Amino acid sequence: MTGPVAVAEIVRSGIVEGHHYGSVVALRADGTVEWSVGDATSPVLPRSSNKPIQALAMVEHGLDLPPELLALACASHSGETHHLEGARRILISAGLDESALQTPPDWPLDEAARESMLRAGGEKSSLTMNCSGKHAAMLATCAHNGWDTTTYLDPEHPLQVAIKATFERTTGETAQVAVDGCGAPLLSTSLVGLARAFSRLAVATDGPERRIAEAIRAHPEYVSGTTRDERTLLTAMPGSIGKAGAESCYAVALADGRAFALKTDDGGARARPVVMAAALERSGVTSEDWVDAEAVRKTGEHVLLGGGKPVGEIRACF
């Protein structure tokens with residue numbers, strides 16, 4: 001079996017000083033593999049790349065939110081004002097408040113939002129933790145179904161059982177259960193399975209799948225943040241959906257069903273957008289007239305500094 005391969009190289013002053021190893025897969029619109037590098041068929045933990053599929057299960061079980069809040073249910077948000085207000089709105093709709101969240105207290109991901117909180121004397125909170133939108137949506141789904149809201153993270157809770165069933169149906173693979181950084185059950189799949197799930201969301205013409213895809217398309221700033229590379233990429237490719245995850249996982253699907261998934265073996269987040277931009281270029285996406293090719297390429301630029309000046313880059317090498 002092929003293992004992870006070098007997918008990005010660290011180049012400083014013209015010298016390759018290291019590599020990021022990983023795996024990438026590209027699916028055609030019909031779901032077959034167009035190409036892959038590394039190991040695209042062994043189980044991985046996609047971390048927050050799973051969130052749109054988790055949100056799909058919630059909608060299938062009665063979660064009814066306006067599009068921007070449904071996008072937030074899919075989010076690893078930056079902790080900007082609209083994210084925090086949105087999470088509160090989800091909780092209020094379920095008759096709950098922030099005390100119901102079981103996300104571990106954390107600072108906002110967005111540097112400006114974090115600095116603003118620190119200057120104001122704020123503290124880490126469950127609301128500002130980047131998964132609070134997903135957790136608020138989980139709680140709202142429980143409230144809708146009359147399920148216990150204090151044990152919603154238990155893998156045997158009806159909510160988590162329902163999510164696992166939807167996840168396995170959508171990826172087409174049997175999932176192993178782990179624990180994510182936010183405390184919620186984390187489900188495994190291969191990169192092929194992850195790309196397949198995103199493709200199915202992207203091509204849906206009705207039902208809960210369509211609602212998830214349309215929410216992500218309409219509100220990418222809720223899925224990540226106003227300054228994040230994921231938002232820039234989706235804006236550059238109208239009709240696309242995507243979600244990044246911790247440990248450098250990333251899945252993107254185009255409106256026609258073509259899909260891409262990747263993971264770097266060392267979890268180096270800096271390589272994630274570099275590799276995705278290269279994958280899209282390898283499949284010819286950046287040459288299509290509906291795509292802002294320059295914006296896509298810029299998401300894949302990672303400049304290395306020396307003495308505060310550019311001296312190198314991280315670049316794809318697969």
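Predicted model only: the values in this text are computed from it and were never measured.

Undergrad: Lay out the overall build of the protein in plain terms, naming residues and giving numbers.
TA: Secondary structure summary: the protein contains twelve helices and ten strands in total. Scaling as 2.2 N^0.38, a compact globule of 318 residues should have a C-alpha radius of gyration of about 20 Å, and the protein matches this with 19 Å. The C-alpha extent of the protein, read off along each of the three principal axes, is 60 × 50 × 35 Å. Once local pairs closer than 6 in sequence are excluded, the contacts in the protein between residues at least 24 apart make up 63%. Taken together, the 29 basic and 40 acidic charged side chains of the protein have centroids lying 3 Å from each other.

Undergrad: Go over the nonpolar core, please, and point to the residues and values.
TA: Core analysis: the biggest nonpolar cluster contains 64 residues, and Val25, Met138, Ile212 and Ile241 have the highest contact counts within it. Not counting chain neighbours up to four residues away, the residues in contact with Val25 comprise Val33, Trp35, Ser36, Ala40, Leu191, Val192, Ala195, Ala259, Phe260 and Ala261. The next biggest cluster of nonpolar side chains, apart from the first, holds 29 residues, and it includes Leu254, Ala279, Ala295 and Leu304.

Undergrad: Requested: an account of the layout of surface pockets, with residues and values cited.
TA: Taken as a whole, the largest pocket holds about 280 Å³ of empty space. Taken together, 22 residues form the lining of the largest pocket, with Ser76, Leu109, Ala244, Gly245 and Ala246 sitting closest to its centre. Mapped by element, the contributors of at least two residues to the lining of the largest pocket are α10 (229–236) and β6 (241–245). The element contributing the most residues to the lining of the largest pocket is β6, with three residues. Its residues assigned to classes, the lining of the largest pocket shows seven nonpolar, seven polar and eight charged.

Undergrad: An account of α10 is requested, with residue identities and associated values reported.
TA: Within the sequence span of α10, burial applies to Glu230, Leu233, Leu234 and Ala236. Down the axis of α10, the buried set is contained in an arc of 160°. They therefore lie on one face. Those residues of α10 that are buried are in contact with α8 (207–218), α9 (220–223), β6, β7 (249–253), α11 (272–282) and α12 (293–299).

Undergrad: For the pairing of strand β3 (residues 33–37), give the residues involved together with the corresponding values.
TA: Across four bridges, strand β2 (residues 15–27) lies against β3 in antiparallel orientation. What sits directly across from Ala26, in β3, is Trp35. Linkage of β2 to β3, two consecutive antiparallel strands, is achieved through a turn of five residues, within which Gly31 is found at a positive phi near 90°.

Undergrad: Describe in detail the packing of aromatic side chains, supporting the description with residues and values.
TA: Counted under the stated rule, the structure contains one aromatic pair. Here Arg272 stacks its cationic end above the ring of Tyr250, 4.8 Å away from the centre of that ring.

Undergrad: Tell me what's going on with the packing of helix α1 (residues 51–60) against helix α7 (residues 191–203), and back it up with residues and numbers.
TA: Between α1 and α7, the least distance of the axes is 10 Å, while the angle of their chain directions is 50°. Here α7 runs oblique to α1, going by the angle between their axes. Judged by the twist between their axes, the crossing of α1 over α7 is left-handed. Listed contacts from α7 to Pro52, Ile53 and Leu56 of α1 are Leu194, Ala197, Phe198 and Leu201. A class-by-class count of the residues in the contact of α1 with α7 yields seven nonpolar, no polar and no charged.

Undergrad: How would you sum up the side chain of Ser248? Please name residues and give values.
TA: Mapped onto the elements of the fold, Ser248 is located in the loop between β6 and β7. Polar side-chain contacts of Ser248 include one of 2.8 Å to the side chain of Thr264. Apart from the residues within four sequence positions on either side, Ser248 is in contact with Leu262, Lys263, Thr264, Gly267, Gly268, Ala269 and Arg272.

Undergrad: How would you summarise empty space enclosed by the protein if you had to cite specific residues and measurements?
TA: Across all of its chains, the model carries two cavities of 30 Å³ or more by this definition. Here the largest cavity defines a volume of roughly 50 Å³. Taken together, Pro220, Val223, Ser224, Glu230, Arg231, Leu234, Gly242, Lys243 and Ala244 form the lining of the largest cavity. Residues that form the lining of the largest cavity fall into these classes: four nonpolar, two polar and three charged. A volume near 30 Å³ is recorded for the second largest cavity. Lining of the second largest cavity is provided by Asp229, Leu233, Tyr250, Pro273, Met276, Ala277 and Thr299. Contributing elements (two or more residues each) for the lining of the second largest cavity: α10 and α11.

Undergrad: Give a detailed account of the state of the cysteines, specifying residues and quantitative values.
TA: Formally, a disulfide is one covalent bond, and it connects the sulfur atom of one cysteine to the sulfur atom of another. The full count for this structure, using the stated rule, is zero disulfides. In this structure Cys131 is not part of a disulfide, and its nearest cysteine sulfur, from Cys182, lies 4.0 Å away. Here Cys131 falls in the buried class, since its relative accessible area comes to 5%. Looking at the unpaired Cys142, the closest cysteine sulfur is the one in Cys182, lying at 14 Å.

The rules we used
In every chain, residue numbers begin from 1 and rise along the written sequence. Given that this is a predicted model, residues contribute local features only at a pLDDT of at least 70 and side-chain atom pairs are listed and counted only at 80 or more, while totals for whole chains, interfaces and linings are drawn from all residues. As a convention, hydrogens and water are excluded, and side-chain values are obtained from all of the structure's heavy atoms. Numbering of helices and strands starts at the N terminus; helices are DSSP runs of H or I of at least 4 residues and strands are runs of E of at least 2. Every radius of gyration here is taken over C-alpha atoms, with the globule rule written as 2.2 Å times N^0.38, N being the number of residues. For this analysis, residues touch if any pair of their heavy atoms sits within 4.5 Å. The charge count includes Lys and Arg as positive and Asp and Glu as negative, but it does not include His or the ends of the chains. Each charge is placed at NZ for Lys, CZ for Arg, CG for Asp and CD for Glu. Here, the term nonpolar core denotes a set of buried Ala, Val, Leu, Ile, Met, Phe, Trp, Tyr and Cys residues that are joined through side-chain atoms within 4.5 Å. Whether a residue is buried, partly exposed or exposed follows from its accessible area with a 1.4 Å probe, protein chains only, as a fraction of its type maximum: under 20%, in between, or over 50%, in that order. Site definitions follow a grid-based scheme: protein atoms alone, a 1 Å grid, a 1.4 Å probe that fits but cannot get out for cavities, and for pockets an open set with protein on both sides within 12 Å along at least five of seven lines, plus lining residues having an atom within 4 Å of a point. Grid points are joined across faces, edges and corners, and a volume is the space filled by probe spheres set on the points. The residue classification treats Ala, Val, Leu, Ile, Met, Phe, Trp, Tyr, Cys and Pro as nonpolar and Asp, Glu, Lys and Arg as charged. All others, Gly included, are polar. The arc in question is the one spanned by the directions pointing from the helix axis to the C-beta atoms. Strands qualify as paired when DSSP identifies two bridges or more between them. Two aromatic rings from Phe, Tyr or Trp, using only the six-membered ring of Trp, form a pair when their centres are within 6.5 Å; if the ring planes differ by under 30 degrees the pair is stacked, by over 60 it is edge-to-face, and anything between is tilted. Charge-over-ring contacts are defined here by two conditions on Lys NZ or Arg CZ: a distance within 6 Å of the ring centre and an angle within 35 degrees of the ring normal. Each axis is a line fitted through C-alpha atoms, and for a helix only the stretch in contact is used; angles between axes span 0 to 180 degrees, taken between their N-to-C directions. An angle below 35 degrees is read as roughly parallel, one above 145 as roughly antiparallel, one from 65 to 115 as roughly perpendicular, and any other as oblique. Handedness of each helix crossing follows the sense of rotation of the near helix against the far helix: counterclockwise by less than a right angle gives left-handed, clockwise gives right-handed. Any pair of N or O atoms that falls within 3.5 Å is considered a polar contact. Within protein, one atom must be able to donate a hydrogen and the other to accept it, and sequence-neighbouring residues count only if both atoms are side-chain atoms. For the purposes of this analysis, a disulfide is any pair of cysteine sulfur atoms at a distance within 2.5 Å.

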